[in-house]
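Summary of the model geometry
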Amino acid sequence: MASASFHAPRGTRDLLPENLLRTLLMEEAAREVARRGGYGEIRPPLFEETKLFSRSLGNQSDVVEKEMFTVLRRGEASEDSWTFRPEGTAGVVRAYIEAGCPASAPFQKWFYMGPMFRYERPQKGRERQFQQFGVEVFGSKSPLLDAEIVDGAMQFFEALGFGPELEARVNTMGDESDRAEWRQSLLSYFEPHLDARCEDCRSRFKRNVFRLLDCKNDACISGNQGAPALTTVMGKEASEHHTAFLMGLERLGRKPKIDGSLVRGLDYYSRTVFEIHYPPLGARSALCGGGRYDGLVELLGGPPTPAIGFAAGFTSTELAMEEMGLPANADVIAAQAAFAPAVYCLAIGEEDREAAFAAAHECRSAGLSTAIDYRNRSAKAQFKEANRLSVPFVFVIGPDEREQGVVLLRDMVNGEEEKIPLDEAVSRLAAEL
Ligand code: HAM
């Protein structure tokens, strides 16, 4: 085989038909969860003004600092650029404001699905182009909505066959004033011990001290034991919100893990934050992340509008499914059967090909998935191909059939054969299959 001269860019991959099944199942589960929750689909562009991301995710976040796929605008000032979306929330918020929703219809439930781009070091579970399914809800402060959002994210994974190993980790980031106070206490707490921290922690100390709390380095984890918790400075409203959110989850039968070290890597969060993990994946076990971002609509130029959402990543979800042996064999067989052709139009000789070609058109027009040979293969080879494709019916067309204006309809399961007019054979199969 000739070796390829071109390769998919590092951190990307081709999803060929034979390994697309899990992606299709994830898309189906996402649409089902969105339908149940009353979400409308939104499809914003794949790239936006770079400033949209730096303002919303935070200039100092890892994503904005190191991971943006940015394209300079031609012939314009170099600070004007576009960036391929590293996540969905910022573009959706921009669209919400631009469509005038805050004034006309502030309560919105939207979902999206599609590729995101982050210039990360490719590794297991991390790609430079990856797919997310996300939801965003605008216009409600209700802590019960927070519980619904976490529950919806869990339902997505459960629809795919995930069981009790799935873990929802929840925390609160409080309100902005709470975070300002908490930031100060964390800075004072960590400063004397900075030398003992890893390089990531030292660089994050000034940029985003909260991130020291979710460092995965063992020595840093033990250094976090006595760090001041947000709950010690959190105001009454944010505390009540958190309690009501946890009660809401309990009401839905969810038993989340309360994790004070969960802080998320993007700047826009306030109050509820959460992640869904599949612990057997180890350090990169987060399948989904989300939370409230009550200040973001205003930050991007809209009126104060509470909002919350999540995004599930397909890459790690696929890895977890692989680990669990999902989908089950029966589902794989059912999916393959759904894509397999229902009819094979077989030409006995060269002079029969045109009739087989026209018959295939008739079948497809009637909605039947139909295969036909375009490689001048013998009748025997075409039969072999029909068997390989597990096609249930073959229309055999030879000189006799053409002369009599019929096809030989062969049932490949029981071997029965019958000569009938093409239109009758087509309508019978269309009704049956
Ligand atoms: P995030 O935690 O940055 O949140 O991403 C959500 C999920 O996307 C992660 O849990 C992970 O599964 C997946 N993911 C992220 N980066 C990569 C990558 N380089 N390769 C493969 N998978 C990746 C957000 O994106 C927020 N917009 C979520 C949100 C929506 N918050 C509120 N609304």
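The structure we're discussing is the one just above.
Quick summary incoming for the structure in this document. (Residues numbered from 1 in each chain as written. Predicted model: local features only at pLDDT ≥ 70, side-chain atom pairs only at ≥ 80, totals over all residues. Heavy atoms only, no water.)

Taken together, 27 residues are adjacent to the ligand, and Glu87, Glu120, Glu127, Glu136 and Tyr269 come closest. At 2.7 Å from a nitrogen atom of the ligand is found a side-chain nitrogen or oxygen belonging to glutamate 120. Within the contact set of the ligand, a nitrogen atom lies 3.4 Å away from a backbone nitrogen or oxygen of phenylalanine 310. Within the complex, the protein chains bury 96% of what would otherwise be the 660 Å² of accessible surface of the ligand. (Near = heavy atom within 4 Å. Polar contact = N/O pair within 3.5 Å; in protein donor to acceptor, adjacent residues only side chain to side chain. Areas by Shrake-Rupley, 256 points an atom, 1.4 Å probe, with all protein chains shown as cover.)

With 49 residues, the main nonpolar core has Val93, Phe138, Trp182, Leu186 and Phe190 as its most contacted residues. Of the residues forming this core, the biggest block, six residues, is contributed by helix H4 (residues 89-98). Every residue in contact with leucine 186, bar those within four places of it in the chain, is listed here: Val209, Phe210, Leu213, Ala227 and Pro228. Counting residues in each nonpolar core, the second largest holds 38 residues, with Ile149, Phe156, Ala312 and Met321 among its members. (Core = buried A, V, L, I, M, F, W, Y, C linked by side-chain atoms within 4.5 Å. Buried < 20%, exposed > 50% of the residue type's maximum accessible area, 1.4 Å probe, protein only. Helix = DSSP H or I, 4+ residues; strand = E, 2+ residues; numbered from the N terminus. Contact = heavy atoms within 4.5 Å.)

Going through the model one piece at a time under the given rule, you end up with 38 salt bridges. Across the salt bridge formed by arginine 410 and glutamate 417, the nearest N and O atoms sit 2.8 Å from each other. Among the residues examined, glutamate 417 registers a relative accessible area of 44% and is labelled partly exposed. In this structure, the salt-bridge partner of glutamate 418 is arginine 428, at a minimum N-O distance of 3.1 Å. You can see glutamate 418 sitting in strand S16 (residues 417-420) and its partner arginine 428 sitting in helix H17 (residues 422-432), a full ten residues away along the chain. Residue arginine 428 is classed as partly exposed on the basis of its relative accessible area of 31%. In this structure, a network of salt bridges that share partners links the residues Asp62, Glu65, Lys66, Arg204, Arg207, Arg211 and Asp214. (Salt bridge = Lys/Arg side-chain N within 4 Å of Asp/Glu carboxyl O.)

With that settled, the discussion passes to unusual backbone geometry. Here leucine 326 and proline 327 are connected by a cis peptide whose omega angle stands at -5°. For arginine 264, which is not a glycine, the phi torsion comes out positive at approximately 70°. Mapped onto the secondary structure, arginine 264 falls in the loop between strand S8 (257-258) and strand S9 (272-277). One non-glycine residue, arginine 271, lies in positive phi territory at about 50°.

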